[in-house]
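Chain by chain, the residues run as shown.
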Amino acid sequence: MITLRDLRKEYGTVTALDGVSLHIERATIHGIVGESGAGKSTLVRCLTGLERPTSGAIELAGQDLAALGETALRTARRRIGMVFQHVHLFDSRTALQNIAYPLRVVGVPKAEALQRAQALLDLVGIGERGDAYPSQLSGGQRQRVGIARALVAEPDVLLLDEPTSALDATTTGAILTLVRDIRDRLGVTVVIITHEMEVVRAVCDGVTLLEHGRIVESGRVRDVVADPRTRLSLALVPLPPLPPTTQAALDVSFTSSPGNPTGAR
Ligand code: ADP
């Protein structure tokens, strides 16, 4: 569904993407991980057509975004639905109106747009909150509205940029379950940019580790995890449980500060 071929992006002397080649299969969920400055945002901007790569190709369903003119690019961009860490909803519009908005912009009649918006609100599990304004919704509910709005133009690809970074663990779990459900039901290809390995472990089929604008590891999550030589396997495989005596000592020393002092999950 998505093929990047030798993608490069330079900003003056800074090389943000240094020859990225990657294939993401239709209807899979692919995680892109990497430290700050690795090139993740640049990749997102290239994928959404907001930024032109210096060279290379970005094929979406067989069409090279990097080679399209402005008008054709605008049309092609509708095939990608975007969700960000902080959803920007119109405060003065209801949840339903927010979701319907992208359809109204392209001239879909109001009744039809609202009907499609309601179907998506049902899909994301908050069908009864259509009349609520963003200020009346929880963070998780706002993120659901953001996902519904990203899906309203029936995109082929759903691109999620740090979708759960602002959410607590329980809400994160619920949103990731929703993302998988959406993939299963609609067959969309999902790309998740994240710094949270938990997200990759919970929901991704494939994963790519970016570093200094290059891919250093990439593959199916289950293969990466099975290969102890990969850096991603270290990050993704849960650490073995501590021996009981050590665990007991930790429980005693950390009773006043709940959490996970060892970083083990
Ligand atoms: P990440 O999203 O993984 O943190 P970015 O894509 O934001 O990484 O950045 C990759 C590299 O490109 C960094 O060195 C960053 O400073 C540089 N960069 C990103 N955008 C610009 C820009 N508009 N102008 C100049 N340098 C940029």
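The preceding data block contains the structure.
Residues numbered from 1 in each chain as written. Predicted model: local features only at pLDDT ≥ 70, side-chain atom pairs only at ≥ 80, totals over all residues. Heavy atoms only, no water.

Enquirer: Could you give an account of the pairing of strand E1 (residues 2–11), with specific residues and numbers?
Expert: Where a strand is regular, its side chains alternate between the two sheet faces. The pairing of E1 with strand E2 (residues 14–24) spans eight bridges and is classified as antiparallel. Counted as the bridge partner of Lys 9 is Leu 17 from E2. Bridge count for E1 against strand E4 (residues 55–60) is five bridges, and the pairing is antiparallel. By the bridge assignment, Arg 5 is partnered in E4 with Ala 57. (Pairing = 2+ DSSP bridges. Helix = DSSP H or I, 4+ residues; strand = E, 2+ residues; numbered from the N terminus.)

Enquirer: Which residues make up the layout of surface pockets, and what values go with them?
Expert: Estimates place the volume of the largest pocket at around 800 Å³. Lining the largest pocket we find 23 residues, and of these Arg 77, Ile 80, Met 82, Pro 102 and Arg 149 sit closest to its centre. The set of elements that each furnish at least two residues to the lining of the largest pocket consists of helix H2 (70–77), strand E6 (80–84), helix H3 (95–105) and helix H5 (139–151). Looking at the lining of the largest pocket, the element that brings in the most residues is E6, giving five residues. Per-class residue counts for the lining of the largest pocket are 15 nonpolar, four polar and four charged. The calculated volume of the second largest pocket comes to roughly 190 Å³. Contributions of two or more residues to the lining of the second largest pocket are made by E2, strand E3 (29–33) and strand E10 (214–220). (1 Å grid on protein atoms, 1.4 Å probe; cavity = no way out; pocket = protein on both sides within 12 Å on 5 of 7 lines; lining within 4 Å. Points joined across faces, edges and corners; volume = space filled by probe spheres on them. Nonpolar A, V, L, I, M, F, W, Y, C, P; charged D, E, K, R; others polar.)

Enquirer: Describe the site of the ligand, naming the residues involved and giving the relevant values.
Expert: Neighbouring the ligand are Tyr 11, Val 14, Ala 16, Glu 35, Ser 36, Gly 37, Ala 38, Gly 39, Lys 40, Ser 41, Thr 42 and Arg 45. At 2.6 Å from an oxygen atom of the ligand is found a main-chain nitrogen or oxygen belonging to Gly 37. Taking Gly 39, its main chain carries an N or O atom lying 3.0 Å from an oxygen atom of the ligand. Taking 560 Å² as the accessible area of the ligand by itself, protein coverage stands at 61%. Residue classes in the shell around the ligand are distributed as four nonpolar, five polar and three charged. (Near = heavy atom within 4 Å. Polar contact = N/O pair within 3.5 Å; in protein donor to acceptor, adjacent residues only side chain to side chain. Areas by Shrake-Rupley, 256 points an atom, 1.4 Å probe, with all protein chains shown as cover.)

Enquirer: Before we move on, can you summarise the pairing of E10 with the specific residues and values?
Expert: As defined by bridge partners, strand E9 (residues 206–211) adjoins E10 across six bridges and the pair is classed as antiparallel. What sits directly across from Leu 210, in E10, is Ile 215. Adjacent in sequence and paired antiparallel, E9 and E10 are bridged by two residues, among which His 212 carries a positive phi angle near 45 degrees.

Enquirer: Residues and numbers for empty space enclosed by the protein, please.
Expert: Gaps left between atoms are located by rolling a probe of water-molecule size over the structure's atoms. Counted by the stated rule, this structure contains one cavity of 30 Å³ or more. Volume-wise, the largest cavity comes out at about 30 Å³. Around the largest cavity, the lining residues are Cys 46, Gly 49, Glu 51, Arg 52, Pro 53, Ile 58, Leu 65, Ala 66 and Leu 73. For the lining of the largest cavity, the per-class residue count stands at six nonpolar, one polar and two charged.

Enquirer: Report on the packing of aromatic side chains, specifying residues and quantitative values.
Expert: Per the counting criterion, the structure on display carries one aromatic pair. Aromatic pair Phe 90 and Tyr 101: ring centres 4.8 Å apart, planes at 65 degrees, arrangement edge-to-face. Note that Phe 90 is positioned in the loop between E6 and H3 and Tyr 101 in helix H3, a separation of eleven residues in sequence. Among the residues examined, Phe 90 registers a relative accessible area of 34% and is labelled partly exposed. Directly above the ring of Phe 90 sits Arg 93, whose terminal nitrogen or CZ lies 4.6 Å from the centroid. (Phe/Tyr/Trp six-rings, centres within 6.5 Å; stacked < 30°, edge-to-face > 60°. Buried < 20%, exposed > 50% of the residue type's maximum accessible area, 1.4 Å probe, protein only. Lys NZ or Arg CZ within 6 Å of the ring centre and 35° of its normal.)

Enquirer: For the packing of H3 against helix H4 (residues 110–123), give the residues involved together with the corresponding values.
Expert: Contact geometry of H3 with H4 gives a least axis separation of 8 Å together with a crossing angle of 125 degrees. It follows that H3 is oblique to H4 by the angle criterion. Between H3 and H4 the crossing geometry is right-handed. Contact with H3, carried on its side by Leu 96, Ile 99, Ala 100, Leu 103 and Arg 104, involves Lys 110, Ala 113, Leu 114, Arg 116, Ala 117, Gln 118 and Leu 121 of H4 and no other residues of that element. In terms of residue class, the contact of H3 with H4 is built from eight nonpolar, one polar and three charged. (Axes fitted to C-alpha atoms, helices over the stretch in contact; angles between N-to-C directions. Parallel < 35°, antiparallel > 145°, perpendicular 65-115°, else oblique. Left-handed = near helix turned anticlockwise from the far one by under 90°. Contact = heavy atoms within 4.5 Å.)

Enquirer: Give a detailed account of the sheet that holds strand E8 (residues 189–193), specifying residues and quantitative values.
Expert: Here six strands make up an open sheet; going across it, the order is E6-E7-E8-E3-E9-E10 and the pairing mixed. Both outer strands of the open sheet, E6 and E10, are each paired with one neighbouring strand and no more. If you compare each strand with its neighbour and ignore which way they point, the axes differ by 15 degrees on average. Note that strand E7 (residues 157–161) and E8 share five bridges and pair parallel. If you follow Leu 160 over to E8, its bridge partner there is Ile 192. Lying over the sheet, H5 contacts E6 and E7, oriented at roughly 165 degrees with respect to E6.

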